[in-house]
Amino acid sequence: MSKDIPSVLRVARRRLLDIAEYEMLTDFEWQSKMQRWSLHFRLNISDIDHPHIASTQDWYALVSASYPSGDIIICPAMNNGISVTFPHQTFNAENKDVPWRQGVVCVNTSMNKWGRKELTDEPTDDEDKLAWHIQRTVDWLKAAAADKLVQTGDPFELPCLPPTRRNEVIVFNEGTDTLSKWKQITQISGMAELKPIENEYYVIERFGKEQAELNYQWGKGITDKRSLPVTAIWVRLQDLPITYPYQLPRTWGELIEIASQQRIPLIQLLTEQLQKCKSNYPTFILLGFPVAANYGGEDHSLYWMALKMPELPSAKGYRNRNYINDHQLKSLFHVGSPLKWCLTQNWHKDQISTRGKLSKSLAESNIVMIGAGAIGSTLSELLIRLGADKITIVDRDILDIGNLCRHVLSMADVRHGKACRLAERLNNISPHVTAEYRGKTLQDVLQYESSLLSGADVIIDTTGDDQVIHLLSNTVDLINKRFISLSVGLEAKRLYCFGGKVNTLDDFATSFFAKHRSWLTKDKEQAASLTLPREGIGCWHPVFPARYDEILTLLTSIVKDIEIFTSEDTGMRLIVAERLFDEMGNMVGININRTDSDGI
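Here the structure is a predicted model, which means the values were calculated and not measured.

Caption draft 1: Examining the sheet that holds strand E15 (residues 434-438) more closely. Overall, mixed pairing links the 8 strands, which are arranged E15-E14-E13-E16-E17-E18-E19-E20 in an open sheet. The two strands at the open ends of the sheet, each matched to only one other strand, are E15 and strand E20 (587-594). Direction aside, the axes of adjacent strands within the sheet are offset by 15° on average. Pairing geometry for strand E18 (residues 494-501) and strand E19 (residues 573-581), over 6 bridges, is antiparallel. Paired with Cys 497 across the bridge in E19 is Ile 575. In this fold helix H11 (residues 418-427) packs onto strand E14 (390-394) and E15, with an angle of close to 180° to the strand it touches most, E15. Against the sheet, helix H15 (residues 508-528) engages strand E17 (482-488), E18, E19 and E20, with an angle of about 175° to E18.

Put into structure tokens, the structure is as follows:
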């Protein structure tokens, strides 16, 4: 069905005439299946000397129906377009139903993905936006022809996988720590064990069997899951398995040739491992190779790509199930057979926490959190999401429906132990977390398992209970430990954070109460004028008045102070975060009152 070309595209089309290399081949056509406009054009670039790029190249621009808003996709034409894959381009496979290929070139700036166009150099007006993309394609093509699409120091980028309908995702855990272990391992092939988890993720647990060459360290969210493991054959390559310029192989023949160029006898290694598998036929093949964080830099970690293992052909006549014959092997890795690539992801902590994380000293600490109420549940989740790995929650309370208005747990957790359900939630937040719990009082823990607190690096009290301070002061050796006590004032107008490194137990509790006294006096005066809320009919005891959003406002304002408490060697200090209001009662800010250490 034809459609009139919008005026904004006619304006954009006129602007393209200013690009010297541009030549229009077919005017805008409406692509109803894609709901986009296509523009067929040619780029004429002289002085090109490249085996895969001619001086005239045909392209398609696929423009959003809402132009000038929306995105623009630039693809090579099926006829007279580049047919291989370069860096900064998706896998350049053929298309069956449309006259352009799948290799979308990346002409966006690094800021483009964030959605705010004000952060990029990309024009937003109808006249210049399309021209900007075409000109960037010219620049991209010239850089590709000169092999300068990547420069030394650029962030490393993996080649895109060929199109696949496979849903399996293979998860590994590689960083600088495991790379140093791999450098000590002389084997270049072996068997790996993977655990299937939700959503077709397969998590590699170990390389090797009983005496593993390398075990990954995962948190309880993965180690506690129950499922039948599958196996894979792993092979270490010297480098990325690519053909020039930057394309992954599509057939077994291409992959075997690439491995051979890296002096890796791929088929021999696969065959040796297959003969050891006997009845446990592997599900995947893992190809590992070292990668750097930046082009030209030193190796940073090992990266694994994965292939689905070809199905074992049936054997003619009598078949020994423990033996794979030559005919079967030849069919398995036939040079013309397509490779079945699977997605892989590196879930190493350094890889998945780059958006923001805690200081190393707090992230690697063994934390004991006393109290799983509003502050305890929220702070523990904040710490885990910021990268803390090991935490134990101590609280014997049962979650009540009334707790949910200021808690991270949900209705499904009501009538269950707060500590148990909170630990379960924390373990499912990150693959590296080990969250334990003790559904007991602090007194019980101190009586029957005092090692829990003596072995902690950081103890965080979130109970707001004076008795906890007395118990810890009288029964636990807190010397050289990091201790933090958090409590909230009435109506969450203030949050008190007493913490630091304990240098002496002398007057520890005395100092704690002395520093809080003047502030608590204010709370007491405030309480005198309040009608405290009660929960349910016939309850004679009030519940503590504080809205969850106001607690969060104060708590998040002192998280960085908590980090400082766990890294600096000062004594104990009290920090008071206080919400400020104007004459109309509107909140206008937070005042952070930091007292000096008194050496305690």
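Caption draft 2: Here's a closer look at the sheet that holds strand E4 (residues 72-76). Across the sheet, which stays open at both edges, the 4 strands sit in the order E1-E2-E3-E4 with antiparallel pairing between neighbours. In this open sheet, the two strands that pair with only one neighbour each are strand E1 (22-31) and E4. Ignoring which end each strand starts from, the neighbouring axes of this sheet average 20° apart. The pairing of E1 with strand E2 (residues 36-44) spans 7 bridges and is classified as antiparallel. Pairing of Met 24 across the sheet is with Phe 41, part of E2. Strands E1, E2 and strand E3 (56-64) of the sheet are contacted by helix H1 (residues 7-16), whose axis makes an angle of about 165° with E1.

Caption draft 3: Spotlight on the side chain of Thr 378. Among the secondary structure elements, Thr 378 is positioned in helix H10 (residues 374-385). Note on Thr 378: relative accessible area 7%, which makes it buried. Of note is the side chain of Thr 378, whose polar atom sits 2.7 Å from the backbone oxygen of Ala 374. In this structure the side chain of Thr 378 is engaged in a polar contact, spanning 2.9 Å, whose partner is the side chain of Tyr 548.

Caption draft 4: Here's a closer look at unusual backbone geometry. A cis amide bond links Tyr 67 with the next residue in sequence, Pro 68, at an omega value of 15°. Examined against the element boundaries, Pro 68 turns out to sit in the loop between E3 and E4. Look at the link from Tyr 244 to Pro 245: it is a cis peptide, with omega at 5°. By the secondary structure assignment, Pro 245 is in the loop between strand E9 (230-236) and helix H5 (252-261). The phi dihedral of Gln 35 falls on the positive side, at around 55°, and the residue is not glycine.

Caption draft 5: Quick peek at H5. Taken residue by residue, H5 has Trp 252, Leu 255, Ile 258 and Ala 259 as its buried positions. Along H5, the residues classed as buried sweep out an arc of 125° about the axis, all on the same side. Looking at the buried side of H5, the elements it contacts are helix H6 (266-277), strand E10 (284-292), strand E11 (299-308) and helix H7 (326-332). Within two residues after H5, Arg 263 carries a phi angle of roughly 60°, on the positive side.

Caption draft 6: Molecular detail of the packing of aromatic side chains. Following the criterion strictly, the structure yields 23 aromatic pairs and no others. Residues Phe 512 and Phe 513 carry aromatic rings whose centres are separated by 5.1 Å and whose planes lie at 90° to one another, so their mutual orientation is edge-to-face. Judged by relative accessible area, which is 6%, Phe 512 ranks as buried. On the accessibility criterion, Phe 513 (16% relative accessible area) is buried. An aromatic cluster is present here, built from Trp 182, Phe 207, Tyr 216, Trp 218, Trp 234 and Trp 304 joined pairwise through their rings. Across the ring face of Trp 30, the terminal group of Lys 3 is positioned such that the distance to the ring centre comes to 3.8 Å.

Caption draft 7: A look at the packing of H10 against H11. Look at H10 against H11: their axes get within 10 Å of each other, and the N-to-C directions meet at 20°. Viewed along their axes, H10 and H11 adopt a mutual orientation that is roughly parallel. Crossing of H10 over H11 shows right-handed handedness. For the pair H10 and H11, contact is made by Gly 376, Ser 377, Ser 380, Glu 381, Ile 384 and Arg 385 and by Leu 422, Arg 425 and Leu 426, respectively. In terms of residue class, the contact of H10 with H11 is built from 3 nonpolar, 3 polar and 3 charged.

Caption draft 8: Summary view of the packing of H1 against helix H2 (residues 129-145). Taken N-terminus to C-terminus, the directions of H1 and H2 make an angle of 40°; their axes are 8 Å apart at the nearest point. When the axis of H1 is compared with that of H2, the two are oblique. In the packing of H1 onto H2, the handedness of the crossing is right-handed. Judged by residue contacts, Ala 12, Arg 15 and Leu 16 of H1 engage Leu 130, Ala 131 and Ile 134 from H2.

Caption draft 9: Focus on the environment of Gln 31. Checked against the element boundaries, Gln 31 lands in strand E1. Taking the C-alpha atoms as reference points, Gln 31 and Ala 65, 34 residues apart in sequence, are found 9.7 Å from one another. A polar atom in the side chain of Gln 31 sits 2.8 Å from the side chain of Ser 38.

Caption draft 10: Region of the structure containing H15. End to end, H15 covers 30 Å across 21 residues, agreeing with the expected 30 Å (1.5 Å per residue, within 8%). Where H15 bends most, the angle comes to about 50°, and this point is Arg 517. If you check which residues of H15 are buried, you get Phe 508, Ala 509, Ser 511, Phe 512, Phe 513, Lys 515, His 516, Trp 519, Asp 523 and Gln 526. At its buried positions, H15 is contacted by helix H14 (466-475), E17, E18, E19 and E20.

Conventions used here
- Note on numbering: residues in each chain are counted from 1, in written sequence order.
- Only residues with pLDDT of 70 or above have their local features reported here, since the model is predicted, and side-chain atom pairs are shown and tallied only from 80 upward, although totals for entire chains, interfaces and linings are computed over all residues.
- Based on all heavy atoms of the structure, the side-chain values leave hydrogens and waters out of the count.
- For two strands to be treated as a pair, DSSP must find no fewer than two bridges joining them.
- Working definition: helices are DSSP H or I runs of at least four residues, strands are E runs of at least two. Numbering for both runs from the N terminus.
- Fitted lines through C-alpha atoms give the axes, limited to the stretch in contact for helices. The angle between two N-to-C directions lies from 0 to 180 degrees.
- Residues are treated as being in contact if the distance between any of their heavy atoms lies within 4.5 Å.
- Using a 1.4 Å probe on the protein chains alone, a residue whose accessible area is under 20% of its type maximum counts as buried, one over 50% counts as exposed, and one in between counts as partly exposed.
- Polar contacts here mean pairs of N or O atoms no more than 3.5 Å apart (in protein, one a potential hydrogen donor and the other a potential acceptor; neighbouring residues in sequence count only if both atoms are side-chain atoms).
- To obtain the arc, one takes the directions from the helix axis to the C-beta atoms.
- Stacked, tilted and edge-to-face pairs are distinguished by plane angle, under 30 degrees for stacked and over 60 for edge-to-face with tilted covering the rest, among Phe, Tyr and Trp rings (Trp via its six-membered ring) whose centres lie within 6.5 Å.
- Think of it as a cone above the ring: NZ of Lys or CZ of Arg counts as a charge over the ring if it is within 6 Å of the ring centre and within 35 degrees of the ring normal.
- Any angle that falls under 35 degrees is termed roughly parallel, while one over 145 is termed roughly antiparallel, one within 65 to 115 roughly perpendicular, and all others oblique.
- Should the near helix be turned anticlockwise from the far one by less than a right angle, the crossing is left-handed, and should it be turned clockwise, the crossing is right-handed.
- Classification used: nonpolar for Ala, Val, Leu, Ile, Met, Phe, Trp, Tyr, Cys and Pro, charged for Asp, Glu, Lys and Arg, polar for all others including Gly.
- What a helix is expected to span follows from its residue count: subtract one and scale by 1.5 Å.
- Throughout, the bend at a residue refers to the angle made by two axes, fitted to the seven residues ending there and to the seven starting there.

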